[in-house]
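Observations on the three-dimensional arrangement
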4 protein chains.
Amino acid sequence: MGSAFGQLFRISTWGESHGGGVGVVVDGCPPLIPLTEEDIQIDLDRRRPGQSEITTPRNEEDKAEILSGTFEGRTLGSPIAILVRNKDARPEAYSEMSEKFRPSHADYTYQAKYGIRNWQGGGRSSARETIGRVAAAAIAKKVITRLFAPNLEILPYVESIGTIGARVDTATVTREMIESNIVRTGDPNAVQAMIDLIKEVRSDGNSVGGVVACVIRNVPVGLGMPVFDRLEADLAKGMLSLPATKGFEIGSGFSGTTMTGREHNDAFRMEEGRVRTTSNRSGGVQGGISNGEDIFFRVAFKPTATIMTSQDTVTTDFQDTELKGRGRHDACVLPRAVPMVEAMAALVLVDHMLRQRALVGGSEAFS
Amino acid sequence: MGSAFGQLFRISTWGESHGGGVGVVVDGCPPLIPLTEEDIQIDLDRRRPGQSEITTPRNEEDKAEILSGTFEGRTLGSPIAILVRNKDARPEAYSEMSEKFRPSHADYTYQAKYGIRNWQGGGRSSARETIGRVAAAAIAKKVITRLFAPNLEILPYVESIGTIGARVDTATVTREMIESNIVRTGDPNAVQAMIDLIKEVRSDGNSVGGVVACVIRNVPVGLGMPVFDRLEADLAKGMLSLPATKGFEIGSGFSGTTMTGREHNDAFRMEEGRVRTTSNRSGGVQGGISNGEDIFFRVAFKPTATIMTSQDTVTTDFQDTELKGRGRHDACVLPRAVPMVEAMAALVLVDHMLRQRALVGGSEAFS
Amino acid sequence: MGSAFGQLFRISTWGESHGGGVGVVVDGCPPLIPLTEEDIQIDLDRRRPGQSEITTPRNEEDKAEILSGTFEGRTLGSPIAILVRNKDARPEAYSEMSEKFRPSHADYTYQAKYGIRNWQGGGRSSARETIGRVAAAAIAKKVITRLFAPNLEILPYVESIGTIGARVDTATVTREMIESNIVRTGDPNAVQAMIDLIKEVRSDGNSVGGVVACVIRNVPVGLGMPVFDRLEADLAKGMLSLPATKGFEIGSGFSGTTMTGREHNDAFRMEEGRVRTTSNRSGGVQGGISNGEDIFFRVAFKPTATIMTSQDTVTTDFQDTELKGRGRHDACVLPRAVPMVEAMAALVLVDHMLRQRALVGGSEAFS
Amino acid sequence: MGSAFGQLFRISTWGESHGGGVGVVVDGCPPLIPLTEEDIQIDLDRRRPGQSEITTPRNEEDKAEILSGTFEGRTLGSPIAILVRNKDARPEAYSEMSEKFRPSHADYTYQAKYGIRNWQGGGRSSARETIGRVAAAAIAKKVITRLFAPNLEILPYVESIGTIGARVDTATVTREMIESNIVRTGDPNAVQAMIDLIKEVRSDGNSVGGVVACVIRNVPVGLGMPVFDRLEADLAKGMLSLPATKGFEIGSGFSGTTMTGREHNDAFRMEEGRVRTTSNRSGGVQGGISNGEDIFFRVAFKPTATIMTSQDTVTTDFQDTELKGRGRHDACVLPRAVPMVEAMAALVLVDHMLRQRALVGGSEAFS
């Protein structure tokens, strides 16, 4: 248990970084949605290793095969199974890990929890596991735009890498702007400094973290299920379930805690026949339910744990020792984290759209 | 759907702020745990309104009645139903709300989602709903210490109110220190300034937010269910499901994003026969699983939405209008948020303890 | 865990036969459904003890109180909590049971499973627990007829008591016919013999079982979620979750196993523009999905375990002994089982209606 | 939704009869269980087509590939994905089905529910879907005997085919007796008559149904989760979720409804230090919880719907027409249903063993 996400659009991911492959089963996808392997491949290519000079050189083409759930190019309403084979596994690079726990990795906790671990890589804790999420989310996005919100856009971007921040106008940032640079930031002026920083820490055998921000536009009003399945609660869970994440904030977030209510409240005004707020410190969610304004949240990613420096650690038979990182890794996960954040956002949204449709009926309820 | 939390220790809360009452059903509590209404009342008293000069004057004694699931002072293993009647409801104070949406409240989104709302107060979005959580968590804490971790301590405290911060040593802070002041901060030197600030904003008809930090000590190794039900993911969801929350971070959180891996990694060392880390930027969780170090996280609470100032808003028939806050409200939710944070932490922990026991067996597995 | 039923219209029942009361929380009820306590009371009165000369004389008025989830006579979309207090509990009648396990009751298995039991009656295994189900189903039936199938009728009736069978035409039987007699059979000619049999076994300190049959008319096509949540699978689970049940069959059931495919198959024909079957050995379900024909199933109830005869049993400290039944019990549960079967059928149907609406949209999909 | 089964040992099956393949993901399997593909293949071979002269000649070797969740021959505690490719699919045999609904198949209801279906065979309604269940259950059986009940035996057998019944002593029947004949009945004297009947109806282009009975020995006391997840309720659901099933009964079943309580009750006696019942009309379950006696239940299977005779039906554009069966099918599903019944029983048991361990702790609780 623990490898499934969603109540109605329910995904079950499986697979270790070094093994037969990774994949996902999507149970609950509505029927009659056009779907091909190409739809999925586009997003897998955005998260795959080796895509640019600042990502890990591990070379996986990550080709998705749809094994079930479609017929003549459309979904059947039955489970959609997707398989991606592992190709470029080099378990020999990990032999030292069979006997030592890598600091700030999941080696020790997996061993302690399960009494066993696949030490030929990160196993389930590897970011490779997110392939299943990204594949499932490619389907989710098709369901969202086809059935519920044709103009909905999920736009995550790199807001900072280390101490280098981007200046991004959430109202105007576009997917094209974000995807036009290999960092996936929304600020053209920050791109080069970010690339330089990643290359610098990498050449130093070091790593660096950062923040992904995400704006979601054209969200229907009414998504979210109080009291526990508030929209922001499910977004927080989805984001914190991604590897290397340490924080989540929505709207004004932590900085809002220093404001007074008079400064913080979002006044309502009618605008073109719609209820709007004149500011958006709520981040598009009030009382756990989307209010139609842009959803805006931020996710903290820690620096990659694998560094090419000798570190103190312990052996699997509990002796103090040292370990130097090996293997092929990202010195900075942020560029590849962008499609992962997008995936989890899409999975949360589609699930709440189906739940809302169950509760109050067809798409007319989302007006 | 949406009012249940937990997989194995599953709670279902119910009740509006103005109605017959509020309560909870706990399904999945192990049998043979000593339990009386007093056990529950202690925590309800910590979250009840009117408990001090800086909380809302709404006067509710919030007396808990256990309706089922115990026999001769011990749990039966069957559902435990707990009822707290609403007493001091003054729906007339809310009559204006029947026709206007309060800014930054859930009035508009509830109306949009459900097509109906109980306008005599916050309904389900009221903090009054958390009574059920706090009551259930009082049981959860008994299960934790009796069956799984006798010395486990969950210690949330107010870290900041507005811009006034507390200096707290997470290694030494005690429940006594926190509960000894009505703000529930861990820093005696900050108490008076915090009280003064709350009184000041209240007298000004304004409100203020803040941060609750939480340290959890003596946590068993191995809690958390990768990949989606990582311990921090469930903590994040639990915290963001609380009213007025806008952010969550664990360990180094957002500030860790500016560090390099070399600075951030937690080295392992053997200490008294146990695997320990020499720093704790992980916040007690690695790869989604507790590593035995202190769990440390922070939760952002926005300023209370109810302010005694005229604000722009719209009517329920979609006309621009103004509204001035009425009713009895906390100018700052932080002191009462402390037991709520504690409750959600306990509910997450007990659920993962039961899940871990299902997976690998008895408490010996938690050594 | 184990006291919740349903995926989207999710009920959580609680309460022991001798304790503060019994009740239910319904999470997932759509908003805007007219609902009063009277709606619930009607069905509770059909299942309550003491309602006729052939049911147990335990006298409980079983008055339902709605504690939450409604406002001005309509559902809010939030959890609906319903409470029924226990009144006529006479725990002293059970004192002997504290030391002996009653044969064919749940005393021994509850003690073995939980290590504790409320011996002042049947605890959770008592039919009293079904109050929560019947109350929740009263709401479910309103949702069904208001949102999904205005003419849907769930008509369970007593088909046999002991060896006395009823001859009932499932095409014409009406609720009036069934409710016009205290046995709740659909055959006027069988009523007196059934009453006589119940009185006879009761005067003999004995008990008797029987079969409840159920026809459901005007069922929308398309309900049921292959492959595990087939409609008949969920009906089977619902029925076998009722106390004293030992069997379930749908359509041709066990007798269909002796037919050949040529005899058994239901041919399709167009009729008034609808796809119909010319026979209904399928019982209204094909491939786990309703086909629009009448759903027909049968449920076996064993004879009541409490008999006024000395029986061999063992003590709670594991010595052979004897026990003679005491307390007030039904000599035959069948008349009161009718509303329980109806309740579980309604709960299964409403849940699948909501699930189907989530999957394919509004009620137009159910044409 | 609908393709997952189990709360803690949770399986998600996927795949259509004609498509890329079929398979399953098992989430929640405990770690450290020895597991190889051979363990799974043994059971797949028992359910595969073409295994004997009385099963369908469709020739599928049904080779299982474990894609994840094991390492060096043992389970990791992570999801186990199993893939079986479809090989001998002949969709051309089904071309007529693209335009006509086969009587008593799921063609019409799938089309009505989803608005689309894979007409190249039965799609998800095909018995081919059960491959995933049988594969998952092979793992479940290893978990059961390794962690919870070393001597537990699940022994389903064919009790009747059409009107030909077997005489089987449930106390002495062995797996060897059952597997020694291609019908999988427990009565050597009935084998030839059953084979003859199957061949006879097949040569006539007809089909026949039957009953599978199942005895489970050496069951721990305490399995089952009242009130809804009673052990018999989950068994009933599991069995009725199998294709072609129409009924389930446990213990005395329908025949027990004609007995009196005095005849039906199972007296308790101490025997070799254990609480035993002197009869077993309860079928091994009391109050929804196993009592340690043999579990005994029966499952009704209807005659195969595919017959080689012209039958009335309708076209997909709603015109009356006729259809004659084609394709390769079993004239009687019973021999191959035996491993399917065994699979569902194992899946129900392992799930309840894990749930019971969560509730009350280690295996000592199962004594």
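A few points on the structure. (Residues numbered from 1 in each chain as written. Chains lettered and ligands numbered in written order. Predicted model: local features only at pLDDT ≥ 70, side-chain atom pairs only at ≥ 80, totals over all residues.)

1. A look at the overall build of chain A
Here is the rule we go by: Strands here are runs of E lasting at least two residues and helices are runs of H or I lasting at least four, both read from the DSSP assignment and numbered beginning at the N terminus. Only C-alpha atoms enter the radius of gyration, while the globule expectation follows 2.2 Å times N to the 0.38, with N the number of residues. For the exposure call, what matters is how many other C-beta atoms sit within 10 Å of a residue's own: 20 or more marks it buried, 12 or fewer exposed, and in between partly exposed, using C-beta atoms placed from the backbone. C-beta atoms are first placed from the backbone for all residues, and any pair lying within 7 Å is then listed as a contact.
For chain A, the count of helices and strands is eight helices and 18 strands. Scaling as 2.2 N^0.38, a compact globule of 367 residues should have a C-alpha radius of gyration of about 21 Å, and chain A matches this with 21 Å. Out of the 367 residues belonging to chain A, those deemed buried represent 69%. Pairs at least 24 residues apart make up 70% of the contacts formed inside chain A by residues separated by at least 6 positions.

2. Points about the sheet that holds strand 3 (residues 21–27) of chain C
All names here are of chain C. Rules: DSSP bridges decide pairing: two strands pair if at least two such bridges lie between them. Fitting a line to C-alpha atoms yields each axis, with helices limited to the stretch in contact; the angle taken between N-to-C directions then spans 0 to 180 degrees.
Here we have five strands laid out as an open sheet, ordered 1-2-3-7-4, and antiparallel in their pairing. With partners counted over all chains shown, the strands left at the sheet margins are strand 1 (4–5) and strand 4 (65–66), one partner each. The pairing of strand 4 with strand 7 (residues 80–85) spans two bridges and is antiparallel. By the bridge assignment, Glu 65 is partnered in strand 7 with Leu 83. In this fold helix 3 (residues 130–148) packs onto strand 2 (10–15), strand 3 and strand 7, with an angle of close to 35 degrees to the strand it touches most, strand 3.

3. Looking at the interface of chain B and chain C
Interface extent is often summarised as the accessible area lost during association of the parts. What counts is decided by this rule: Note that Gly is not counted as nonpolar here; it falls among the polar residues with everything else outside the nonpolar set of Ala, Val, Leu, Ile, Met, Phe, Trp, Tyr, Cys and Pro and the charged set of Asp, Glu, Lys and Arg.
Contacts between the two partners involve 36 residues from chain B, matched on the other side by 36 residues from chain C. Those elements that provide at least two residues to the side of chain B that touches chain C are strand 2 (10–15) and strand 3 (21–27) of chain B. Partitioning the side of chain B that touches chain C into residue classes produces 14 nonpolar, 15 polar and seven charged.

4. Remarks on the interface of chain A and chain B
Of the residues lining the interface, 89 residues belong to chain A; the matching set on chain B comes to 89 residues. Considering each element in turn, the side of chain A that touches chain B owes the most residues, six residues, to helix 6 (residues 231–240) of chain A. By residue class, the composition of the side of chain A that touches chain B is 36 nonpolar, 36 polar and 17 charged. As paired strands, strand 11 (residues 245–250) of chain A and strand 11 (residues 245–250) of chain B are joined by three bridges and run antiparallel to one another. Paired with Glu 249 of chain A across the two strands is Gly 247 of chain B, which belongs to strand 11 of chain B.

5. As for the relation of the copies chain A and chain B
For these two chain copies, the linking operation is a rotation about an axis paired with a shift along it. The condition is simple: All copies are superposed by least squares; the fitting set is the C-alpha atoms of residues with a pLDDT of at least 70 in both.
Its rotation angle being 180 degrees, the transformation that places chain A on chain B also includes 0.0 Å of axial translation and leaves an RMSD of 0.0 Å. The transformation just described matches what one would write down for a two-fold rotation axis. Most of the interface of chain A is mirrored in chain B, where 100% of its interface residues are also at the interface.

6. A look at the pairing of strand 16 (residues 295–301) of chain D
Residue and element names in this part refer to chain D. With seven of seven residues buried, strand 16 is to be regarded as a mostly interior element. Both faces of strand 16 are covered, namely the face carrying Ile 295, Phe 297, Val 299 and Phe 301 and the face carrying Phe 296, Arg 298 and Ala 300. Two elements, strand 10 (residues 210–217) and strand 16, share seven bridges in a ladder whose sense is antiparallel. Paired with Gly 210 across the strands is Phe 301, a residue of strand 16.

7. Considering the packing of helix 6 (residues 231–240) of chain C against helix 6 (residues 231–240) of chain D
How we decide: When an angle is under 35 degrees it counts as roughly parallel; over 145 it counts as roughly antiparallel; between 65 and 115 it counts as roughly perpendicular; any other value is oblique. Should the near helix be turned anticlockwise from the far one by less than a right angle, the crossing is termed left-handed; should it be turned clockwise, right-handed.
Where helix 6 of chain C contacts helix 6 of chain D, the two axes come as close as 8 Å, and the packing angle between them is 165 degrees. The orientation of helix 6 of chain C with respect to helix 6 of chain D, classified from their angle, is roughly antiparallel. Crossing handedness for the pair helix 6 of chain C and helix 6 of chain D: right-handed. On the side of helix 6 of chain C, the interface is formed by Glu 232, Ala 233, Asp 234, Ala 236, Lys 237 and Leu 240 of chain C, while helix 6 of chain D contributes Glu 232, Ala 233, Asp 234, Ala 236, Lys 237 and Leu 240 of chain D. Taken together, the residues of the contact of helix 6 of chain C with helix 6 of chain D break down into six nonpolar, no polar and six charged.

8. Examining the environment of Arg 274 of chain B
As for its position among the elements, Arg 274 of chain B is in strand 13 (residues 274–277). For Arg 274 of chain B and Asn 86 of chain B, which are 188 residues apart along the polypeptide, the C-alpha to C-alpha distance reads 49 Å.

9. Observations concerning unusual backbone geometry
Each neighbour pair has its own omega, and for Pro 226 of chain A with Val 227 of chain A the value is 5 degrees, a cis peptide bond. Unlike most non-glycine residues, Ser 104 of chain A shows phi in positive territory, near 60 degrees. Among the structural elements, Ser 104 of chain A can be located in the loop between strand 7 (80–85) and helix 2 (107–114). Here the phi dihedral of Ala 244 of chain D falls at roughly 75 degrees; this positive angle occurs in a residue that is not glycine. The topology assignment puts Ala 244 of chain D in the loop between helix 6 and strand 11 (245–250). Judged by local crowding, Ala 244 of chain D falls into the buried class, with 21 C-beta atoms found within 10 Å.

10. A word on the relation of the copies chain B and chain C
Each copy superposes on the other: chain B lies on chain C with an RMSD of 0.0 Å after a rotation of 180 degrees and an axial shift of 0.0 Å. Here 100% of the interface residues in chain B have copies in chain C that are interface residues too; the copies meet face to matching face.

11. What to know about the pairing of strand 3 of chain C
Residues and elements named next belong to chain C. Counting buried positions along strand 3 yields seven of seven residues, so the element is predominantly enclosed. Residues of strand 3 alternate between two faces, with Gly 21, Gly 23, Val 25 and Asp 27 on one and Val 22, Val 24 and Val 26 on the opposite face, all of them buried. Taken together, the six bridges between strand 2 and strand 3 define a ladder with antiparallel strand orientation. Residue pairing for strand 3: Ile 11 is matched across the bridge by Val 26. In the sheet, strand 3 pairs with strand 7 via six bridges, with the strands oriented antiparallel. By the bridge assignment for strand 7, Val 26 is matched with Ile 80.

12. Digging into helix 5 (residues 191–203) of chain C
All names here are of chain C. Our working definition: In a helix, the anticipated span is given by 1.5 Å times the number of residues less one. In this description, one arc is meant: the one made by directions from the helix axis to the C-beta atoms.
The end-to-end C-alpha separation of helix 5 is 18 Å, in line with the 18 Å expected for 13 residues at 1.5 Å each. Every buried residue belonging to helix 5 is among Met 194, Ile 195, Leu 197, Ile 198, Val 201 and Arg 202, and all of these are buried. Along the axis of helix 5, the buried residues cluster in a sector spanning 160 degrees; they form a single face. Of the exposed residues in helix 5, the ones pointing more than 90 degrees away from its buried face are Gln 192 and Ser 203. Where helix 5 is buried, its residues touch strand 8 (153–161) and strand 9 (164–165). Two residues or fewer past helix 5, Gly 205 is found with a positive phi of approximately 70 degrees.

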